[in-house]
Amino acid sequence: RAPPSEMTPMKSSCAVQVELIAQRREARRLRALQEKASLQEERKKSAAVGSTIDDVRFSRMVELERRSMMESVESSSSDDDDVNATDVSTSAPRVAVMVRKRPLFDREATRGKQIDVITSLPRRGRLVVHEPKTTVDCSKRVESSVFEFDESFGEDATNDDVYARAVAPLVRLCLTGAEEGANATCFAYGQTGSGKTHTMSACYEQTARDLAVGCEENGLSMKVSFYDIYGGKCYDLLSNRAPCQALEDARGRTKILGLQEVTALNADEVLSLVERGMRCRKTSRTDGNATSSRSHAVFQVTLKSKLPKEEGIKRTPARLALVDLAGSERGADRGKLVDQRIRQEGAEINKSLLALKECIRALSVGNGVNGGAGGGALAAEPSFVGEQRVPFRGSKLTQVLRDAFIGKNSRTVLLAHVSPGHGHAEHTLNTLRYAIRLKDGVDGNVQKPTPPKSAARPQSPGSPLMSADPVSSPSSGESGDEYTPSPRAVDPERVKEAMDAHVRAADAVGRAGECLMARHLELADVAEEERSLLCDATSRAARVTKGKGSIDILEHYDYCDALEELLERRTAMEEGLKGAIEALRRAQADQMAASADLDWVEGR
């Protein structure tokens, strides 16, 4: 046994714990320094001008999320092959939803410091958005949202790939159903600068060549029309922007009066007409896009058999429409130096796209568009699908596109376009959410599309619902003279009732809007109280850190109690705010219904 002078003194457990804490702290500091040095080195190699360490860290988080996503896809690829093998045998849906991601431009990556936050999984028809988020403690994180569509095109997909999957089936449908009234529509949808016009311009050329070959083989004639919707009005792009009128016949079908249809014999003639129309289309320069389209362009081709008519056989021409929608935009996208005209154009574009979104929402809430044997056929009252009213009369855009959703023998492709930069993540999510709502608005039990009794309109002797079907206009692709609506008597009592209903609906919208703003202000007051409570707590903690005071344990209890009370109040107010939002939407839908009813009884 060693003498007491040579024995090593034993450390207490508290001293051991202190040493362990110090070692862990030094290890964390070393890892932080190494990570910071790595981030600095990566920032220097980055091509982005003025990029920060936070940008590099966020880029790493996105790449890590993307890598894990791709690994999970590869691990389940064998199961997906079996699923896809069974899906090929199923019939194509009446409304197919596809999405295309454009590449990230060099100027966006360098000067704009944009990071690609979209991952496309073409084999599974999925698109993943890695949205940047900031938590309460100011730490950065990535939240991934997965969307599944009928087709998904990544940045490496060519225009030929998009045409083969999206537009070519519509062309074949019109060529084979030229005597059965086939109605095919493909429209490009998305924010401004997402590549819609680029895609549709390539589709024009390929469509013209396929139609020319198909018409020669099947003995069909081809008539081309090209018009756009600007400021709520229709203009013929082949007649130097001559104004046109979009009206409804007795069966609820939309006719474009005054629209010129040009017979084309080959693909070169079709392409010359497209170039002539594109030169007349409205474009403007904004901060978001140097050549931003300010109108919705509709390129329409009507196919009709050259064979002589046979008695007792009705032949309905086929119609193919390619719609290039103007992109949605915010005020910040237009910039501060634009004039009043461009601001008004942006407001009108957003208004028409909002009406389109309301129709999509109504179709998804109702019976959808892909279910049932009838396929959502057009009824006597085309504003109703099942028991759900669809506000197609909300704008000229939805009025023209109505047959694409609920028309007989129709096929529609919604080709959504998204931008890959993280600065456009909010726009991208909005585009994908409305596209997926149209795709998911499917119910196998489609009821007969008849309007509810409360919304039924009177059928007077002069009502278009009771009159015979007039002769169709040439713009519809059918033979006959120019269409003129049948005159009908206007009931003053019915007009007064409709006006009163419209006034009541407008008052209800105003009250719902005031209630919504009041609840929003209450929620903002709670947020201000939370901010004040947090500032008070951080200031006390800062004084303690500097050695100028101490925090009693009772203060911690008071802080927790106050924060818990604020969170309970905020939760209750958020529920009330959601209810107010739904109430305002219902009031807006009622106002649109009252407005449409007033237009009908006044004969407009």
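Residues numbered from 1 in each chain as written. Predicted model: local features only at pLDDT ≥ 70, side-chain atom pairs only at ≥ 80, totals over all residues. Heavy atoms only, no water.

1. Some remarks on the overall build of the protein chain
Here is step 1: For the protein chain, the count of helices and strands is 13 helices and 18 strands.
Here is step 2: Long-range contacts, defined here as pairs at least 24 residues apart, represent 74% of the contacts in the protein chain between residues at least 6 apart.
Here is step 3: Taken as a whole, the protein chain presents about 32600 Å² of accessible surface, with 52% of it coming from carbon and sulfur. (Helix = DSSP H or I, 4+ residues; strand = E, 2+ residues; numbered from the N terminus. Contact = heavy atoms within 4.5 Å. Areas by Shrake-Rupley, 256 points an atom, 1.4 Å probe, with all protein chains shown as cover.)

2. Focus: the side chain of Ser 120
Here is step 1: On the secondary structure map, Ser 120 appears in strand β2 (residues 118-121).
Here is step 2: Side-chain polar atoms of Ser 120 contact the side chain of Ser 152, separated by 3.0 Å.
Here is step 3: Separated by 3.4 Å, the side chain of Ser 120 and the backbone nitrogen of Gly 154 make a polar contact.
Here is step 4: Contact partners of Ser 120, with chain neighbours within four places excluded, come to Arg 126, Leu 127, Ser 152, Phe 153 and Gly 154. (Polar contact = N/O pair within 3.5 Å; in protein donor to acceptor, adjacent residues only side chain to side chain.)

3. Structural notes on the pairing of strand β18 (residues 410-418)
Here is step 1: Counting buried positions over the nine residues of β18 gives nine, a clear majority of the element.
Here is step 2: Along β18, one buried face is formed by Ser 410, Thr 412, Leu 414, Ala 416 and Val 418 and the opposite face, lined by Arg 411, Val 413, Leu 415 and His 417, is buried too.
Here is step 3: Two elements, strand β6 (residues 183-190) and β18, share eight bridges in a ladder whose sense is parallel. Within β18, the position partnered with Ala 184 by the bridge is Arg 411. (Buried < 20%, exposed > 50% of the residue type's maximum accessible area, 1.4 Å probe, protein only. Pairing = 2+ DSSP bridges.)

4. Description of the environment of Val 495
Here is step 1: As for its placement among the helices and strands, Val 495 is situated in helix α12 (residues 492-545).
Here is step 2: For the pair Val 495 and Asp 599, spaced 104 residues apart in the sequence, the C-alpha separation amounts to 9.2 Å.

5. Things to note about the pattern of salt bridges
Here is step 1: Per the counting criterion, the structure on display carries 19 salt bridges.
Here is step 2: Between Arg 531 and Glu 528 there is a salt bridge whose closest N-O contact spans 2.6 Å. Taken together, the positions of Arg 531 and Glu 528, both in helix α12 and three residues apart, correspond to about one turn of that helix.
Here is step 3: Of the residues examined, Arg 531 reaches a relative accessible area of 46% and is grouped as partly exposed.
Here is step 4: Between Glu 530 and Arg 570 there is a salt bridge, with its nearest N and O atoms 3.2 Å apart. Remark: Arg 570 occurs in helix α13 (residues 553-601) and Glu 530 occurs in helix α12; sequence separation between them is 40 residues.
Here is step 5: Its relative accessible area of 18% is what places Glu 530 among the buried residues.
Here is step 6: Overall, Arg 570 belongs to the partly exposed group, its relative accessible area being 30%.
Here is step 7: Overlapping salt bridges bring together Glu 63, Arg 66, Lys 101, Asp 116 and Glu 155 as one network. (Salt bridge = Lys/Arg side-chain N within 4 Å of Asp/Glu carboxyl O.)

6. Remarks on the nonpolar core
Here is step 1: Ranked by size, the top nonpolar core spans 49 residues in total, and within it Phe 149, Leu 325, Leu 356 and Leu 432 carry the most contacts.
Here is step 2: Ignoring anything within four residues of it in the chain, the contact list for Phe 149 reads Val 97, Val 99, Gly 125, Leu 432, Ala 435, Ile 436 and Lys 439. (Core = buried A, V, L, I, M, F, W, Y, C linked by side-chain atoms within 4.5 Å.)

7. Some thoughts on the side chain of Lys 196
Here is step 1: Tracing the backbone shows Lys 196 in helix α6 (residues 196-218).
Here is step 2: Here Lys 196 sits buried without a salt bridge, and the closest side chain of opposite charge, Asp 324, lies 5.6 Å off (N-O distance).
Here is step 3: The contact partners of Lys 196, leaving out residues within four places of it in the chain, are Ala 188, Tyr 189, Gly 190, Gln 191, Asp 324, Leu 325, Ala 326, Gly 327 and His 417. (Lys, Arg positive; Asp, Glu negative; His and termini not counted.)

8. Quick look at unusual backbone geometry
Here is step 1: Positive phi outside glycine occurs at Asn 240, with the angle close to 60°.
Here is step 2: Assignment of secondary structure puts Asn 240 in the loop between β8 (233-236) and β9 (242-248).
Here is step 3: By relative accessible area, Asn 240 is classed as exposed at 64%.
Here is step 4: The residue Arg 241 is not glycine, and still its phi comes out positive at about 60°.
Here is step 5: Examined against the element boundaries, Arg 241 turns out to sit in the loop between β8 and β9.

9. Describing the state of the cysteines
Here is step 1: This structure, assessed with the given rule, holds zero disulfides.
Here is step 2: With no disulfide of its own, Cys 215 has Cys 174 as its nearest cysteine by sulfur position, at a separation of 9.9 Å.
Here is step 3: Given the relative accessible area of 5%, Cys 215 is considered buried. (Disulfide = S-S within 2.5 Å.)

10. Brief notes about a negative patch on the surface
Here is step 1: Negative charge collects at one region of the surface, where Asp 558, Asp 561, Glu 564, Glu 565 and Glu 568 lie side by side.
Here is step 2: Residue placement: Glu 568 occurs in helix α13. (Patch = residues over 30% accessible without salt bridge, like charges linked within 9 Å, V, L, I, M, F, W, Y side chains within 5 Å. Charge placed at Lys NZ, Arg CZ, Asp CG, Glu CD.)

11. With respect to the packing of helix α5 (residues 159-176) against α6
Here is step 1: Packing of α5 against α6 leaves a shortest axis separation of 9 Å and a crossing angle of 40°. Our pair here, α5 against α6, has a crossing hand that is right-handed. Where α5 approaches α6, its residues Asn 159, Asp 160, Val 162, Tyr 163, Val 167, Val 171 and Leu 175 are matched on the opposing element by His 198, Thr 199, Ala 202, Cys 203, Gln 206, Thr 207, Asp 210, Leu 211, Gly 214, Cys 215 and Asn 218.
Here is step 2: Of the residues belonging to the contact of α5 with α6, the class tally is nine nonpolar, seven polar and two charged. (Axes fitted to C-alpha atoms, helices over the stretch in contact; angles between N-to-C directions. Left-handed = near helix turned anticlockwise from the far one by under 90°. Nonpolar A, V, L, I, M, F, W, Y, C, P; charged D, E, K, R; others polar.)

12. Quick look at the packing of aromatic side chains
One pair of aromatic rings is described through two measures. These are the centre distance and the angle between the planes.
Here is step 1: Applying the stated rule across the entire model yields four aromatic pairs.
Here is step 2: A ring pair is formed by Tyr 204 and Phe 299, whose centres lie 5.1 Å apart and whose planes are at 55°; its orientation type is tilted. Of this pair, Tyr 204 sits in helix α6 while Phe 299 sits in strand β14 (residues 296-305); the two residues are 95 residues apart in sequence, bridging distant segments of the chain.
Here is step 3: Relative accessible area serves as the criterion here: at 2%, Phe 299 is assigned to the buried category.
Here is step 4: Ring geometry for Phe 226 versus Phe 299: centroids 5.6 Å apart, planes at 80°, classification edge-to-face. With Phe 226 in strand β7 (residues 220-230) and Phe 299 in strand β14, the pair connects residues that are 73 residues apart, well separated along the chain.
Here is step 5: We note Arg 102 situated over the ring of Phe 105; from NZ or CZ to the ring centre the distance is 4.2 Å. (Phe/Tyr/Trp six-rings, centres within 6.5 Å; stacked < 30°, edge-to-face > 60°. Lys NZ or Arg CZ within 6 Å of the ring centre and 35° of its normal.)

13. Some points on the sheet that holds strand β3 (residues 126-134)
What links the strands of a sheet is backbone hydrogen bonding, and the strands pair in either a parallel or an antiparallel sense.
Here is step 1: If you trace the three strands from one edge of the open sheet to the other, you get β2-β3-β4, paired in antiparallel fashion. Bordering the open sheet on either side are β2 and β4 (140-148), each of which pairs with just one other strand. Between one strand and the next, the sheet's axes are offset by a mean angle of 20°, whatever the strand orientation.
Here is step 2: As paired strands, β2 and β3 are joined by four bridges and run antiparallel to one another. Bridge pairing in β3 places Leu 121 opposite Arg 126.

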